[in-house]
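# Descriptive structure summary
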Amino acid sequence: TMTSLTLGDTETVINAKGTMGEYGTVYVTYELSYNADRVNSFVSGTGRGAINSDPVVGGATRGVWTRKGSVVQIRQVVQISDGSQNRDVIDMLSDTFIIKAYTLK
């Protein structure tokens, strides 16, 4: 679920919180840069997952985003501090995110 949204001249910053399987409660920040038409470009992000408060895992993401109408989709690779990697496809529908995570490593 989106917790905040900051619109800027060169990027949009989205903060979110949710529960994600083995990572427990996850907090994430996405930074979506703009291209000329503002309907797609690059995204980067950082996150933390708290599994019953210990251990805490961190992650960094890189990918691309696109917008079709009011739906924003992010396709990214996530590098997690426990050594795992995921490929995520995220559909942002209003304040709700639908995340499909695929394990790479």
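On a predicted model such as this, the values are computed, not experimentally measured, just so you know.

## Brief notes about the sheet that holds strand S2 (residues 11-19)
- Read from one edge to the other, the open sheet built from 8 strands follows the order S1-S2-S3-S4-S5-S6-S7-S8, with strand pairing classed as antiparallel. Each of the sheet's edge strands pairs with one partner strand only, and the pair in question is strand S1 (2-7) and strand S8 (96-103). For this sheet, the mean angle separating the axes of adjacent strands, direction not counted, is 20 degrees.
- Here strand S4 (residues 40-50) runs beside strand S5 (residues 56-68); their pairing, made up of 11 bridges, is antiparallel. Residue pairing across strands places Gly47 opposite Gly59, the latter belonging to S5.

## Let's talk about a nonpolar patch on the surface
- There is a patch of nonpolar side chains on the surface, built from Val71, Leu93 and Ile98 and spanning about 200 Å² of accessible area.
- Within the secondary structure, Leu93 sits in strand S7 (residues 85-93).
- Since its relative accessible area comes to 36%, Leu93 is described here as partly exposed.

## Focus: unusual backbone geometry
- Its identity as a non-glycine residue notwithstanding, Arg38 has a phi of 60 degrees, on the positive side.
- Inspection of the secondary structure puts Arg38 in the loop between strand S3 (25-33) and S4.
- If you check the backbone angles, Ser94 has positive phi at about 60 degrees while not being a glycine.
- Structurally, Ser94 can be placed in the loop between S7 and S8.
- For Ser94, a relative accessible area of 62% corresponds to the exposed category.

Calculation criteria
- Residues numbered from 1 in each chain as written.
- Predicted model: local features only at pLDDT ≥ 70, side-chain atom pairs only at ≥ 80, totals over all residues.
- Heavy atoms only, no water.
- Pairing = 2+ DSSP bridges.
- Helix = DSSP H or I, 4+ residues; strand = E, 2+ residues; numbered from the N terminus.
- Axes fitted to C-alpha atoms, helices over the stretch in contact; angles between N-to-C directions.
- Patch = residues over 30% accessible without salt bridge, like charges linked within 9 Å, V, L, I, M, F, W, Y side chains within 5 Å.
- Areas by Shrake-Rupley, 256 points an atom, 1.4 Å probe, with all protein chains shown as cover.
- Salt bridge = Lys/Arg side-chain N within 4 Å of Asp/Glu carboxyl O.
- Buried < 20%, exposed > 50% of the residue type's maximum accessible area, 1.4 Å probe, protein only.

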